[in-house]
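Survey of secondary and tertiary structure
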Amino acid sequence: WNEGAQILSDQNHTYGLSRSQPTLLTVPRMGNDGPELEYHLWYRGESSNTGLAAGGQPRYAIMHAMSRDGVTWEGRNADRVVMMGSDEHRWRREVGDPSIVVDDLGDLHMVFVGTDTETGLRHLGLAVSSNGVDWAASDEPIRFENEAMMEFDRDGVASPSLTRRGDILHLWFTGINGSRTTIG
């Protein structure tokens, strides 16, 4: 490991109070000197704003930053809000915990956690993007028809991890049931 330094440290950004829950993809591209990698980072940003109840922006948003070397994250590609909570969709008034995969056509699929700020319950959501910045999120949370799964995460979810094998997306996440948490 190389010693690292803090990245994206602008505290003056609307969602600069804290940054957490990163997920990184490297995307090959053709540069001037041949093949290169672009580094794309999605993460949760926190605002000091008091939230939608006060007529402001949601406390948490999913952010995106891009880098050509994985070290320097700056300019117009740093700290860009790509998904904010939705007052229209109560189950995702606050969002975070992104996990992203790319399909064969280059489209990105994100599973994220949406929080209902009235009940405190967290749900899994799905969003799709062709460019990693503009996302179309589902109107409803992901639902499991299996009764055992419904009991496993009846009090919420956390930490989704999405992977792809062929045409099939595989999802693991933490299910919360009372004081018990389990991976499923």
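In the block above lies the structure referred to throughout.
Nothing here was measured: the structure is a model prediction, and the numbers come from that model. (Residues numbered from 1 in each chain as written. Predicted model: local features only at pLDDT ≥ 70, side-chain atom pairs only at ≥ 80, totals over all residues. Heavy atoms only, no water.)

**Thoughts on the overall build of the protein**
Rules: The helix count covers DSSP runs of H or I at least four residues long, the strand count covers runs of E at least two residues long, and both are numbered beginning at the N terminus. A simple rule labels every residue: compare its accessible area, found with a 1.4 Å probe on the protein chains alone, to the largest value its type can have, and call it buried under 20%, exposed over 50%, or partly exposed in between. We call two residues in contact when some of their heavy atoms are within 4.5 Å.
The helix and strand inventory of the protein stands at one helix and eleven strands. If you list the helices and strands of the protein from N to C, you get β-β-β-β-β-β-β-β-α-β-β-β. Classification of the 184 residues of the protein by burial places 41% in the buried group. Residue pairs in contact within the protein that sit at least 24 positions apart in sequence constitute 45% of those at least 6 positions apart.

**Remarks on the pattern of salt bridges**
Where side chains of opposite charge bring their charged atoms close, a pairing between them can arise. Inclusion rule: The term salt bridge refers to a pairing of a side-chain nitrogen on Lys or Arg with a carboxyl oxygen on Asp or Glu at a separation within 4 Å.
Inspection of every chain in the model, using the stated rule, returns three salt bridges. One salt bridge connects Glu 140 with Arg 143, and the closest N-O pair in it is separated by 3.7 Å. Exposure class is identical for Glu 140 and Arg 143. Each is exposed.

**As for the sheet that holds strand S9 (residues 156-165)**
Here is the rule: When DSSP finds two or more bridges between two strands, those strands count as paired. Orientation is described by lines fitted to C-alpha atoms, with helices fitted over the stretch in contact, and by angles between N-to-C directions that extend from 0 to 180 degrees.
Pairing is antiparallel in the open sheet, where three strands are placed in the order S9-S10-S11. Of all the strands in the sheet, just S9 and strand S11 (180-183) have a single pairing partner and so form its edges. Across the sheet, the mean angle from the axis of one strand to that of its neighbour is 15°, orientation sign disregarded. Pairing between S9 and strand S10 (residues 168-177): eight bridges, direction antiparallel. Residue pairing in the sheet places Val 157 in a bridge with Gly 175 of S10.

**Considering the nonpolar core**
For clarity, the threshold we go by: Throughout, nonpolar core names a set of buried Ala, Val, Leu, Ile, Met, Phe, Trp, Tyr and Cys residues whose side chains join them through atoms within 4.5 Å.
With 14 residues, the main nonpolar core has Trp 42, Ile 62, Met 83, Ile 100, Met 110, Phe 112 and Trp 135 as its most contacted residues. At the level of elements, strand S4 (80-84), strand S5 (94-102) and strand S6 (108-115) are the ones that each hand at least two residues to this core. A per-element tally of this core places S6 first, with three residues.

**Concerning unusual backbone geometry**
One non-glycine residue, Gln 21, lies in the positive phi region at around 55°. The residue Gln 21 is located in strand S1 (residues 18-31) in this model. If you check the backbone angles, Asp 97 has positive phi at about 55° while not being a glycine. Turning to its location among the elements, Asp 97 is positioned in strand S5. Judged by its relative accessible area of 16%, Asp 97 falls in the buried class.

**Details of the sheet that holds strand S7 (residues 122-129)**
What links the strands of a sheet is backbone hydrogen bonding, and the strands pair in either a parallel or an antiparallel sense. Across the sheet, which stays open at both edges, the four strands sit in the order S5-S6-S7-S8 with antiparallel pairing between neighbours. Each edge of the sheet is formed by a strand with only one pairing partner; in this case those strands are S5 and strand S8 (136-137). Direction of pairing for S7 relative to S8: antiparallel, over a ladder of two bridges. For Ala 127, the partnering residue across the bridge sits in S8 and is Ala 137.

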